[in-house]
Every structure is written in C-alpha cells, then in structure tokens.
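Structure assessment
Here is what each chain is made of, one letter per residue.
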Amino acid sequence: MRTMPGSRPVWRPRARDRGGTSAHWVIAGTIERTGLMDAMATARQRGAEIEVFSDPLLNTSPAAGGLSQMEAVERRLAEIGVGMHRIPKLHSKIVTVDEDLLCAGSFNWLSADRKGQYARHETSFVYRGKHLEDEIQTLRNGLMQRAG
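Here we summarise the structure given alongside this text. (Residues numbered from 1 in each chain as written. Predicted model: local features only at pLDDT ≥ 70, side-chain atom pairs only at ≥ 80, totals over all residues. Heavy atoms only, no water.)

**Looking at the nonpolar core**
- Residues Ile31, Met40, Leu77 and Leu110 are the most contacted members of the largest nonpolar core, which totals 25 residues.
- Breaking this core down by element, the ones donating at least two residues are helix H2 (36-45), strand S2 (49-54), helix H3 (69-79), strand S4 (94-97) and strand S5 (101-105).
- Of the residues forming this core, the biggest block, five residues, is contributed by H2.
- Apart from the residues within four sequence positions on either side, leucine 110 is in contact with Thr21, Ala23, Trp25, Val26, Ile27, Thr30, Ile31, Leu36 and Val52. (Core = buried A, V, L, I, M, F, W, Y, C linked by side-chain atoms within 4.5 Å. Buried < 20%, exposed > 50% of the residue type's maximum accessible area, 1.4 Å probe, protein only. Helix = DSSP H or I, 4+ residues; strand = E, 2+ residues; numbered from the N terminus. Contact = heavy atoms within 4.5 Å.)

**Some words on the pattern of salt bridges**
- Counted by the stated rule, this structure contains five salt bridges.
- Residue glutamate 49 pairs with arginine 18 through a salt bridge whose shortest N-O separation is 3.5 Å. With glutamate 49 in strand S2 and arginine 18 in strand S1 (residues 18-22), this residue pair connects regions lying 31 residues apart in the sequence.
- Of the charged contacts in the structure, one is a salt bridge between arginine 76 and glutamate 32, with a shortest N-O distance of 2.7 Å. Note that arginine 76 is positioned in helix H3 and glutamate 32 in helix H1 (residues 28-33), a separation of 44 residues in sequence. (Salt bridge = Lys/Arg side-chain N within 4 Å of Asp/Glu carboxyl O.)

Next up, the structure:
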C-alpha cells in the first residue's frame, strides 16, 4: 500500500498466504488503472489466496460489455483466481495481508478516484504485527459468514 504524494495509491500485496479486501464499491476500470488487478494477479501467481468482498446493491451501474460493475469485476477477478463474495449492505473498507497486516479506514480501495473532481481526502490506518492474527481471523470469519 502506498499513498505518497505524486504517486498512485497501490495495494501491493506481499501476501505469502492470504490477502483480503472489503469495499462497498467496486469499479473495474479503477481496479485496472491503479494497478490493483496486476498486484492481485502477481500475488496469486505466488500462490496467495485472495478474497474480495463487496456490496451487490451498490454495484449495479453499467460497465463495459453490458455488464454491471459487480459482474465486470467478478469476471475479471475470476480470470486471475481471486474469489469475489457478495455481501448486501457491506460498508467496511478493510485490507488484510497474511496474518500480520490490517488496514482499516475510509479509503475505497476498489473504486476511489485518485484525482479529478471526485477525488476525496481519505484516511486509513495500517496496523502491523503478529498480535493482529486473531483480529484478522475474526474479520475474515465474519465476512465469510455474511457472504454465506
């Protein structure tokens, strides 16, 4: 992850085993343009398991090819072996990497405009350390339970 001035914010998962993102909005073009799709594909090639959670109720706007944004993102993620889970009314914005990195805050990782009229100041906090293992597992379990 980085948000340095002048650079594009990129989630660069160093995941050895697992990574996850929950985001209420998903926009296929943003995920591609910011390099997130490539980063997830690279992590998958290393064997990392990656799960994405998003709200299907908010992602009905049109994308290329006559698909909804949700359908377009699901299709693209499936191509690289990333699981996509639909959770109605999801609003959390969380990134986890392995069992020792947790990022939580207001940043919409999979949809936010990084510049232009719709760019917003967002704040997220990154927590690191093995002490996060139980919290990360609790978050993952809760998301998976809601995903059904």
